[in-house]
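# Coordinate analysis (summary)
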Amino acid sequence: YIHATAPAVQQAKTWRDTQPQDVALMNTIASQPTAVWFGEWNVNVAGDVRGIVERGNASNTLPVLVAYNIPHRNCGQYSAGGAENAEKYIQWMQSFARGIGSYPAVVILEPDALAEIDCLTEMEVQERYALLNEAVSILAALPYADVYIDAGNPKWIPVAEMAPRLQLANLDKANGFALNVSNFFTDEENIAYGSKLSRRLEGKHFVIDTSRNGNGPEKNGEWCNPPDRALGRTPATTTDHPLLDAYLWIKMPGESDGPCNGGPDAGEWWPEYALELAGNAGS
């Protein structure tokens, strides 16, 4: 599913007459299916989600939706925010699911929520597991929604720690887990990590965000708008690996990770970075 108002799509249209030399590069992003993110900024999340899944159905394409509204999100860092409390989160998730209804969709559930759990108090940790459990149950009850719980990246949380976290988050009812969301680790690194996780989780499958991993991670581990990165493998559901369900572009290439390395605030569109990612992919 290609969202008609995605920033790369809009940028390519804007530059068509004024910067024709950049349009071809921007179109390497605009032409690919990317996930649509939902959070506290959606005033009517049910209606916004319904609009996406209806357009996906009409175009015979499969939308990838990211639910990103967990309380205490991102430990108060660049992407801080989320629902005000547990009750409002469950209400929001019910609305999110109501928007999907009986339409097909893939849901990536709460990037970083399990990997960043160490920043929470003991009471907040218990609440987070309870909320993720309920969210998975709500989404799993939908007839045609596939749910993948975010599990961080290969260098963040060791397999021996992430596996029980996923189990406590109700992985049994989900389709699997998601790796490398908004990060840069190679396909090979993610497949190795995901395969080890899967062995501890009764063979659960996974998906990988390949939107910006074409050059792998920055050598010093910089994760926030690192320079010299590149677009990765284009989205595909044919993977030649029995545990890997799809390569996806979950992070929109060109959206900032935060106010670092010259970038704007987290989630804001940064066309210059998008062009760099696209240009490096062709080099």
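No experiment lies behind these values; they were computed from the predicted model shown. (Residues numbered from 1 in each chain as written. Predicted model: local features only at pLDDT ≥ 70, side-chain atom pairs only at ≥ 80, totals over all residues. Heavy atoms only, no water.)

### Things to note about the overall build of the protein chain
The number of helices and strands found in the protein chain is eight helices and seven strands. Its C-alpha atoms give the protein chain principal-axis dimensions of roughly 50 × 40 × 40 Å. Within the protein chain, buried positions represent 54% of all 283 residues. Within the protein chain, contacts between residues at least 6 apart in sequence are counted, and of these 72% link residues at least 24 apart. Summing over all exposed atoms, the protein chain offers an accessible surface of approximately 12,400 Å²; the carbon and sulfur share of this is 49%. Distance between charge centroids for the protein chain: 4 Å, based on 20 positive and 35 negative side chains. (Helix = DSSP H or I, 4+ residues; strand = E, 2+ residues; numbered from the N terminus. Buried < 20%, exposed > 50% of the residue type's maximum accessible area, 1.4 Å probe, protein only. Contact = heavy atoms within 4.5 Å. Areas by Shrake-Rupley, 256 points an atom, 1.4 Å probe, with all protein chains shown as cover. Lys, Arg positive; Asp, Glu negative; His and termini not counted. Charge placed at Lys NZ, Arg CZ, Asp CG, Glu CD.)

### Section: the pattern of salt bridges
Evaluation of the coordinates by the stated rule reveals seven salt bridges. When the shortest N-O distance is used, the salt bridge between Arg-233 and Asp-187 registers 3.0 Å. You can see Arg-233 sitting in the loop between β6 (205-209) and β7 (244-248) and its partner Asp-187 sitting in helix α7 (residues 187-200), a full 46 residues away along the chain. For Arg-233, a relative accessible area of 41% puts it in the partly exposed group. (Salt bridge = Lys/Arg side-chain N within 4 Å of Asp/Glu carboxyl O.)

### Some points on the state of the cysteines
Taken as a whole and assessed by the stated rule, the structure comprises two disulfides. One disulfide in the model links Cys-75 with Cys-119; its S-S distance is 2.0 Å. Taking the torsion about the S-S bond as the criterion, the Cys-75 to Cys-119 disulfide, at about -90 degrees, is left-handed. Placement of Cys-75 in the loop between β2 (64-67) and α4 (86-100) and of Cys-119 in the loop between β3 (105-109) and α5 (122-140) is noted, with a sequence separation of 44 residues between them. Note on Cys-75: relative accessible area 26%, which makes it partly exposed. Put simply, Cys-224 and Cys-260 are joined by a disulfide, and their sulfur atoms are 1.7 Å apart. Its S-S torsion of about -65 degrees marks the bond between Cys-224 and Cys-260 as left-handed, since a negative value means left-handed. (Disulfide = S-S within 2.5 Å.)

### Some remarks on helix α3 (residues 45-58)
With 14 residues, α3 should reach 20 Å at 1.5 Å per residue; the first-to-last C-alpha distance of 20 Å fits that figure. Regarding α3, the residues found buried are Val-45, Ala-46, Val-49, Gly-51, Ile-52, Val-53 and Gly-56. For α3, the secondary structure elements touched by its buried residues are β1 (36-38), β2, α4 and β3. Among the residues trailing α3, Asn-60 stands out with phi positive, at a value near 55 degrees. (Expected span 1.5 Å × (residues − 1).)

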